[in-house]
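Chain by chain, the residues run as shown.
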Amino acid sequence: FCVNVALDAGGVHLVIADDRDEAAYFYNDLYGFLDPERVFFFPTAYKRSIEYNKEDPSGLVQRSTVLNALKNHTDGYLVVCTYPEAILEKVVTANKLRENTLKITAGEKLPIPFIAEVLQKYNFTKVDFVYEPGQYSVRGGIIDIFSFSDNKPYRLDFFDDEIESIRQFDIGTQLSVGKVDALEILPDTKNTAIATEVESLMKFAGDAVLWVNDYEYMLKRFADIRVKLLHDMADRG
């Protein structure tokens, strides 16, 4: 039913499953019915749960990808599959994310030092070779950037201050896997300098359709997580 509504009516649809496994199964099932580029999985940014307070880099990338898709959504449909632990975590506001997104277009003039300065502000780490989100490297007239919203890094080739080309590449082979005309570099949304303004995913998504399998269970799970976090804070405090 969710598939039919999404195809017919369009818009943003948030599907809140009972747990991570159920959300992942539903997300995979939708691949057979919808455009894979319009279906997303929104996990917690922590390994297992926020309760364990251990961040998961892959989860952060998936969350950032969803936020970027929602930020840029103008027509058609988007379906986001998630679960109570993930949706309970606040996200940076849409306005704050827009203010802190670096847009880069092939052919424009953009000095390398300026890009490096912005990346440092976004909490990126300078390395010799990028291998995970949040890293960048500079070698002569080339900048490699691994954005927090992509599963592969990008290589920018410069001629003086002009960006000649933007290519996504494989970190294992270092070979190009595709050329793009433009890209958006998102910051680390968990960075305290960026996440000064936060809101719920539902508010970020705007006028979205909410799909819930078990509303009472979802509310109970929210309450259980809050109680656990409060107990942990009291124990540490």
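Residues numbered from 1 in each chain as written. Predicted model: local features only at pLDDT ≥ 70, side-chain atom pairs only at ≥ 80, totals over all residues. Heavy atoms only, no water.

Attention now goes to the overall build of the chain. Helix and strand counts for the chain stand at 8 helices and 14 strands. What you see for the chain is a C-alpha radius of gyration of 19 Å, in line with the 18 Å of a compact globule of 237 residues. Along the first, second and third principal axes, the C-alpha set of the chain runs to 60 × 50 × 35 Å. Out of the 237 residues in the chain, the part that is buried amounts to 47%. Of the contacts formed within the chain by residues at least 6 apart in sequence, a portion of 64% connects residues at least 24 apart. Only carbon and sulfur atoms are counted for the fraction: they give 50% of the accessible area of the chain, which is about 12,600 Å². (Helix = DSSP H or I, 4+ residues; strand = E, 2+ residues; numbered from the N terminus. Rg over C-alpha atoms; globule rule 2.2 N^0.38 Å. Buried < 20%, exposed > 50% of the residue type's maximum accessible area, 1.4 Å probe, protein only. Contact = heavy atoms within 4.5 Å. Areas by Shrake-Rupley, 256 points an atom, 1.4 Å probe, with all protein chains shown as cover.)

So, about the packing of aromatic side chains. Any two aromatic rings considered together are summarised by their centre-to-centre distance and by the angle between their planes. Enumeration over the complete set of coordinates arrives at 4 aromatic pairs. Measuring from centroid to centroid gives 5.4 Å for Y27 and Y31, while their planes differ by 80°, and the two rings are edge-to-face. Owing to a relative accessible area of 18%, Y27 belongs among the buried residues under this scheme. A relative accessible area of 39% means that Y31 is categorised as partly exposed. (Phe/Tyr/Trp six-rings, centres within 6.5 Å; stacked < 30°, edge-to-face > 60°.)

In this section: a negative patch on the surface. Together, D160, D161, E162 and E164 line one region of the surface with negative charge. By the element assignment, D160 lies in the loop between β9 (154-159) and β10 (162-169). (Patch = residues over 30% accessible without salt bridge, like charges linked within 9 Å, V, L, I, M, F, W, Y side chains within 5 Å. Salt bridge = Lys/Arg side-chain N within 4 Å of Asp/Glu carboxyl O. Lys, Arg positive; Asp, Glu negative; His and termini not counted. Charge placed at Lys NZ, Arg CZ, Asp CG, Glu CD.)

The next point concerns the environment of L67. Within the secondary structure, L67 sits in helix α3 (residues 57-72). As a C-alpha pair, L67 and V91 span 24 residues in sequence and 8.4 Å in three-dimensional space. The residues touching L67, leaving out its near neighbours within four places in the chain, are V91, V92, L97, T189, L201 and F204.

The next point concerns the pattern of salt bridges. Within this structure, the stated rule accounts for 7 salt bridges. In this structure, R63 and E89 form a salt bridge, with 3.7 Å as the shortest nitrogen-oxygen distance. Highlighted residues: R63 in helix α3 and E89 in the loop between α4 (84-87) and β4 (91-92), separated in sequence by 26 residues. You'll find R63 and E89 in the same group, each marked buried. Residues R155 and D144 are paired through a salt bridge, measuring 2.7 Å at the closest nitrogen-oxygen approach. You can see R155 sitting in strand β9 and its partner D144 sitting in strand β8 (residues 142-146), a full 11 residues away along the chain. R155 sits in the buried class, given a relative accessible area of 14%.

With that settled, consider the sheet that holds strand β11 (residues 176-180). Judged by pairing direction, the sheet is mixed, and its 6 strands sit side by side in the order β6-β7-β8-β9-β10-β11 without closing on themselves. A single partner strand is all that each edge strand has here, and the edge strands are β6 (125-126) and β11. Alignment of β10 against β11, held across 4 bridges, turns out to be antiparallel. Bridge pairing in β11 places I166 opposite V180. (Pairing = 2+ DSSP bridges.)

Only a minority of non-glycine residues have a phi that is not negative, and only a minority of peptide bonds are not trans. Of note, D160 is a non-glycine position whose phi angle comes to about 60°, a positive value. The backbone of Q174 shows a phi angle near 65°, a positive value even though the residue is not glycine. The topology assignment puts Q174 in the loop between β10 and β11.

As paired strands, β6 and strand β7 (residues 135-139) are joined by 2 bridges and run parallel to one another. Counted as the bridge partner of T125 is Q135 from β7. With 5 bridges connecting them, β7 and β8 associate as antiparallel partners. Opposite V138, over in β8, you have I143 as the bridge partner.

Worth remembering: the numbers are spatial, not functional.
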